[in-house]
Amino acid sequence: MTNKLLILEDGSVFKGEGFGWMGDAEGEVVFNTGMTGYQEILSDPSYCAQMVVLTYPLIGNYGINRDDFESIHPYIKALIVREACDLPSNFRSEASIDDLLKEKKIPGLSGIDTRRLTKRIRSYGTMKGRICAETADIDQVVAELSSSELATDQVSRVSTKSSYPSPGRGKRVVVVDYGMKHGILRELNRRQCDVIVVPYHTSAKEILRLHPDGVVLSNGPGDPKSVPESVQTVKELVGTVPIFGICLGHQLLALAGGADTFKLKFGHRGSNHPVKDIETGKVAITAQNHGYAVDEDSLLTTDFIVTHKALNDGTVEGIAHRDHAAFSVQYHPEASPGPEDANELFDRFIQMMEKEEVQYA
C-alpha cells in the first residue's frame, strides 16, 4: 500500500493508505452514515465534485455487482473509509471496491480515523480537502485549498447530453435530469410509465411539446441557485402539468415558487433520516443526500405549504402547491440505498396524473 494524506482547508491532516486509483483528488469533504449501499453512493451523481467519508467502519465486504449502480459513470471525487475489504464475499459479487475505483480512476483512502474526521465536519461544517502524496507541502496545500472555489457546474457535468426514451404503456412522464439516479427511472418503469429523460436545460416549451401527463424534477448535485435557467423552466411548468420534485428538484420547485434555499452546515447524507408527514403524523425512515435545504420562513409568502419535516433538525422535507398539482420531497423515495418507506410517493404521483388530465391542442 502507498501512504497518502488527506489535508483539509483548516489545516487538519489525516494519514492513511491509498487504494483504488493512486492519483490525487480535491473536492468538498462530506460524510454519509449509511451502513450499506456503498455501490449506490459511489455511483450517485449527486456526489459530483465531492469526496465522501463513509462512517461505517468496514466498506466493500459484499463487493461490487452489476445491479446496484445508480449511474453508468461515477462522478464522486474520492472515497474515504476506515477499512476497505480486499476479499468480498457475496453471491452477487463480481469485483472488489478496489477494482472499481481503479477502473473508474477514483482515489480511495483507508486506515484513517473516520470518526474523528466526521466529528470535525459536524463541528466546523463541510470543507474543501485534498488527497495527495505524504511528501506534499502541507502549508502550501492548505493555502491552495483556502484560495480555491467550490465547483458550481456540477449539474451540467452529470445531466444527460441528449434526450432518450424508456418506453412504457402507461402515463407519459418527462424526467428532467439534473443528475438522476437510475432508481427513479426504475420506479416509474415499474408503474408502466412511458418515460422520456431530457437534459437539465430543456425549456418548458420543449418539455410540453412532448405532451407529458406529468413531469419529474430529478435529484442532482450542488447549489440549486447555480442553475437559474432550470428555476425559470419549472416556474413556467407549474400549473400547466403535474410536477413531482425529488431532492434538487424539490429545491428548484421551491425557488420557482418564490421561496429561498440555504446551505446546511454539514448536510444530510445517509439511509436512516426520520421524516414526519405533517398531515398524517406518520414517520418514514428515509434515504437522503443533500447539502442545501428550503428556508421555511420564505415559504410563507408563496403558494406552497410545508408537508414534511425532518425530525432530526426540523428542516423542510416536503412541500405542495395550494392550488396546482405540484409537490416535492427533499429525500429519495426510490431509496437506492436505503429504506423504501416513502416509495408510495410514486403512486401518489400516478394518482395525481390520473386526476389532473392535461389537455393539449
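Our subject is the structure listed above.
About the cut-offs
Residues numbered from 1 in each chain as written. Predicted model: local features only at pLDDT ≥ 70, side-chain atom pairs only at ≥ 80, totals over all residues. Heavy atoms only, no water. Axes fitted to C-alpha atoms, helices over the stretch in contact; angles between N-to-C directions. Helix = DSSP H or I, 4+ residues; strand = E, 2+ residues; numbered from the N terminus. Parallel < 35°, antiparallel > 145°, perpendicular 65-115°, else oblique. Contact = heavy atoms within 4.5 Å. Nonpolar A, V, L, I, M, F, W, Y, C, P; charged D, E, K, R; others polar. Core = buried A, V, L, I, M, F, W, Y, C linked by side-chain atoms within 4.5 Å. Buried < 20%, exposed > 50% of the residue type's maximum accessible area, 1.4 Å probe, protein only. Arc of directions from axis to C-beta.

A. Just the packing of helix α8 (residues 228-237) against helix α9 (residues 248-256), in detail. Packing of α8 against α9 leaves a shortest axis separation of 8 Å and a crossing angle of 70 degrees. Classified by the interaxial angle, the pair formed by α8 and α9 is roughly perpendicular. Along the contact surface, α8 presents Ser230, Val231, Val234 and Lys235, while α9 presents Leu252, Leu253, Leu255 and Ala256. Considering only residue class, the contact of α8 with α9 consists of six nonpolar, one polar and one charged.

B. Seen up close, the nonpolar core. Membership of the largest hydrophobic core comes to 32 residues, with the highest contact counts inside it found for Tyr178, Val215, Leu217, Ile243, Leu253 and Leu299. Of all elements in the fold, only β11 (172-177), β12 (194-199), α7 (204-208), β13 (214-217), α8, α9, β17 (304-310) and β18 (316-321) reach the threshold of two or more residues within this core. The element that contributes the greatest number of residues to this core is α9, accounting for six residues. In this view, Tyr178 contacts Val155, Val158, Tyr200, Leu217, Ser218, Asn219, Gly220, Pro221, Ser230, Val234, Leu248 and Leu252; residues no more than four positions away in its chain are not counted.

C. Structural view of α8. Listing the buried residues of α8 in full gives Ser230, Val231, Thr233, Val234 and Leu237. Each buried residue of α8 sits inside an arc of 160 degrees when the element is viewed along its axis, so together they form one side. Buried-residue contacts for α8 involve α7, β13, β14 (243-246) and α9. One or two residues past the end of α8 sits Gly239, with phi positive at roughly 90 degrees.

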